[in-house]
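# Structure at a glance
Listed below are the residues making up each chain.
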Number of protein chains: 2
Amino acid sequence: MTTETVPLDRRHRRRLETIEEVLDHAVAIMTTDGVAGLSLGEIARRMGIRTPSLYVYFPSKHALYDALFARGAREIGQVVSDESAKLLADLDKRPQRSIEEVLLDAAAVFVRWAVEHPAYTQLLYWRPVPGFQPSAESFAPAIAMVEASKQRFEELQRRGLIRAGASIEEVQRDWVVLMTGVVTRQLANEPQAGFDKGRFTSALSALIDMFAHHYGAQPSTRTRGSRHARQR
Amino acid sequence: MTTETVPLDRRHRRRLETIEEVLDHAVAIMTTDGVAGLSLGEIARRMGIRTPSLYVYFPSKHALYDALFARGAREIGQVVSDESAKLLADLDKRPQRSIEEVLLDAAAVFVRWAVEHPAYTQLLYWRPVPGFQPSAESFAPAIAMVEASKQRFEELQRRGLIRAGASIEEVQRDWVVLMTGVVTRQLANEPQAGFDKGRFTSALSALIDMFAHHYGAQPSTRTRGSRHARQR
DNA sequence: GTCTATATGACGATAGAC
DNA sequence: GTCTATCGTCATATAGAC
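The residue numbering used here restarts from 1 in each chain and proceeds along that chain's sequence as written. To label them, take the chains in the order written and letter them from A, then take the ligands in the order written and number them from 1. Predicted model: local features are reported for residues with pLDDT of at least 70 only, side-chain atom pairs are reported and counted for 80 or more only, and whole-chain, interface and lining totals are derived from all residues. Here the side-chain values reflect all heavy atoms present in the structure, with hydrogen atoms and water set aside.

Here a residue counts as near a molecule or strand whenever at least one of its heavy atoms sits within 4 Å of it. Around DNA strand D, 18 residues are found, and the nearest of them are Ser53 and Tyr57 of chain A together with Ser39, Leu40 and Lys61 of chain B. Near the protein, within 4 Å, the atoms of DNA strand D are sugar or phosphate in 77% of cases. Under this definition, polar contacts are N or O atom pairs within 3.5 Å; protein pairs additionally need one hydrogen-donor-capable and one acceptor-capable atom, and for neighbouring residues in sequence, both atoms have to be side-chain atoms. Arg50 of chain A is positioned such that a nitrogen or oxygen atom in its backbone is 2.9 Å from a phosphate oxygen of DNA strand D. A distance of 3.1 Å separates a phosphate oxygen of DNA strand D from a polar backbone atom of Gly41 of chain B. Looking at the surface near DNA strand D, its residues break down into 9 nonpolar, 5 polar and 4 charged. Charged residues are taken to be Asp, Glu, Lys and Arg, nonpolar residues to be Ala, Val, Leu, Ile, Met, Phe, Trp, Tyr, Cys and Pro, and polar residues to be all remaining types, Gly included.

Turning to the relation of the copies chain A and chain B, a few remarks are in order. For the pair chain A and chain B, the superposition axis carries a translation of 0.0 Å, the fit reaches an RMSD of 0.0 Å, and the rotation angle comes to 180°. Considering both components of the superposition, the chain copies are consistent with a two-fold axis. No C-alpha of chain A approaches the rotation axis more nearly than that of Gly181 of chain A, which lies at 1.9 Å. Counting the interface residues of chain A, we find that 100% of their copies in chain B are interface residues as well, pointing to one common contact surface. We superpose the copies by least squares over the C-alpha atoms of residues that have a pLDDT of at least 70 in both of them. Pairs of residues are marked as contacts when any of their non-hydrogen atoms sit within 4.5 Å.

This next bit is on the interface of chain A and chain B. Taken together, the 47 residues of chain A in the interface contact 47 residues of chain B. Once two parts are joined, some of their accessible surface, as seen by a 1.4 Å probe, is lost; buried area is that loss totalled over both. In this assembly, chain A packs against chain B so that about 4100 Å² is buried in total across both faces, 58% of it on carbon and sulfur atoms. Note on definitions: salt bridges are taken to be side-chain nitrogens of Lys or Arg within 4 Å of carboxyl oxygens of Asp or Glu. Where chain A meets chain B, there are 2 salt bridges. The shortest N-O distance in the salt bridge between Glu169 of chain A and Arg199 of chain B comes to 3.6 Å. Taken together, the links from chain A to chain B amount to 6 residue pairs in polar contact (both at pLDDT 80 or more). Elements represented by at least two residues in the side of chain A that touches chain B include exactly α7 (168–189), α9 (204–215) and α10 (226–231) of chain A. A run of H or I in DSSP becomes a helix once it reaches four residues, and a run of E becomes a strand once it reaches two; helices and strands are each numbered from the N terminus. Here the side of chain A that touches chain B gets 15 residues from one element, more than from any other, and that element is α7 of chain A.

Attention shifts here to the domain arrangement of chain A. All names here are of chain A. According to the domain assignment, chain A consists of domain 1 (1–59) and domain 2 (61–231). The centre of domain 1, based on its C-alpha atoms, is set 32 Å off from the matching centre of domain 2. The partner domain 2 presents 14 residues to the 17 residues of domain 1 that form the contact. Where domain 1 meets domain 2, there are 2 salt bridges. The partner of Asp24 in a salt bridge is Arg71, and the shortest N-O contact between them spans 2.8 Å. When residues of the side of domain 1 that touches domain 2 are traced back to their parent elements, those giving at least two are α1 (2–33) and α2 (40–47). If you tally residues by element for the side of domain 1 that touches domain 2, the top one is α1, at 8 residues. Segmentation into domains, and thus their bounds, comes from an automatic or database assignment.

Dropping the structure here:
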C-alpha cells in the first residue's frame with residue numbers, strides 16, 4: 001500500500017513536469033513561427049519523442065492550445081494583479097500622484113508583458129487558430145483579470161482620481177481598446193522592435209494623457225499637448 | 001495575325017476572370033474559417049477543378065495571400081478615399097461642423113468596412129499566416145492609404161479643426177491605434193455582433209470624443225462626459 | 001495554354017504492439 | 001508511456017494529355 005502511493009505520486013509529478021515541458025516548447029515555437037505555425041511534430045522532435053506520444057498528455061492540438069491559453073491568462077493576470085496591489089499601496093504613501101502617472105505605470109506593465117510574450121498575446125487577443133475557442137475553465141482567469149481591472153478603476157474613482165460620473169464599464173472597455181490596440185499594432189507592424197523602441201508602445205504616454213483627460217477627475221496639471229509643444 | 005490577337009485577348013480576359021473567381025472563393029472561406037483556415041483544396045472543390053490547377057494562376061499559397069492582401073488594401077483604400085473626399089466637400093458647405101462629427105463619420109466608414117470584411121481585416125491588420133509578408137507591390141496601397149489619411153489630418157489642421165501644434169505623425173499613429181483597436185476587439189471578442197450592435201464598435205463615439213478633445217483645436221461644445229452624465 | 005494524373009512529404013490523429 | 005504503422009488531408013511539384 002505504502003509502496004504503491006509513493007510511485008503514483010512520483011509518476012503524477014513526472015507527468016506534470018512533462019506537460020510543462022510540452023507547453024514550454026510550444027511557446028518557443030509559437031514565438032518564432034506564430035501561433036498558427038505550431039506543429040506537434042516540431043514539439044516531439046525537440047523533446048526527442050514521436051508525435052503520437054504527445055497524445056498521452058493532450059487529447060488534441062486544440063486541447064494544447066487551450067492549456068496555453070489558460071497559462072497565458074494566468075500569467076498576465078498575475079503580473080497585472082501584482083502591479084495593481086503595488087499601485088494602490090504606493091498611492092497611500094504618495095497621494096499627490098497624478099492620474100496620468102498612475103495609469104501610465106499600469107499600462108506599461110501590461111503592454112510590456114504583452115509585446116514580450118507575443119505567443120500568448122496572439123492566442124489571448126487575436127483569433128489565430130481556426131475553430132479554436134478556449135474552454136470555460138481556461139477563460140476564467142481572463143474574466144477574473146477584467147473584473148480585477150474594473151475594481152481597480154472603481155477604487156481610483158472612490159479616491160477621486162476617476163471622474164465621479166464615469167461609467168466603469170465604459171472606462172474598462174475603452175482601456176482595453178487602447179491597451180490591446182497598442183499591443184496589436186506593435187506586434188503586427190513592428191514585431192522585432194520591443195517595448196522600449198517600438199513606434200506604438202512609445203505612443204502609450206500620449207494615449208494615456210488622452211484617456212486621463214477624458215475620464216480623469218481633475219484637470220491635468222500638464223498643458224494639453226505640452227509634449228508636442230516642446231518639439232516645436 | 002488578326003485572327004491571333006482576338007483569342008489571345010479573350011483568353012487573357014478569361015484568365016483574369018478565373019483569378020477573380022479564385023479570390024472570391026478564398027475570401028468566402030476565410031470569412032467563415034479564418035485566414036489560417038483557407039485551403040487550396042477547398043477552393044478547387046468549390047470551383048469544380050483539381051487543386052494543382054490553381055497553380056496555373058498562383059505559384060504558391062503565399063502568392064494567393066499576397067493577391068488577397070493587395071485586393072483588401074485597394075478596397076478599403078477606395079472606401080476611405082471616397083469618404084474623405086465627401087467629408088472635405090461637405091465641410092465647405094457646412095463649416096460649422098464640429099471635429100467630433102467629422103471624425104466620427106470617417107471612423108464609422110473605416111470600422112464598418114473592417115468588421116464587415118473580417119477576412120481582409122485579419123490579413124491586413126493581424127499576422128495570421130506564419131511566414132507571410134506582403135510584397136512591396138501589394139503593400140503599396142496600404143501605404144498610400146496612410147499617406148492619404150495624414151494629408152486629410154493636415155487639411156483639417158489647416159482648416160483649424162486640428163490643434164495647430166499637433167504633430168500629424170502622432171495624430172495618425174494614435175488614430176490607427178484607436179481604429180484598429182476597436183476593430184480587433186470587436187472581431188476577436190464578438191465576431192458575430194456586427195457594426196451596429198457590437199460592444200466595441202459602439203465605443204467609437206466615446207473614443208472619438210477622447211481623441212478630438214486631445215488633438216482638436218477648439219474646446220468641444222459638448223460637456224466632457226455629457227453622454228455618461230445623461231445615464232445618471 | 002489549360003487542366004489532370006500522380007507523387008512527395010508534412011501534418012493531425014488513431015489503433016495496437018510492447 | 002512510448003513505440004510503429006497507418007489513415008486522410010494538406011500544400012506542392014512534375015509530367016503529360018488534350
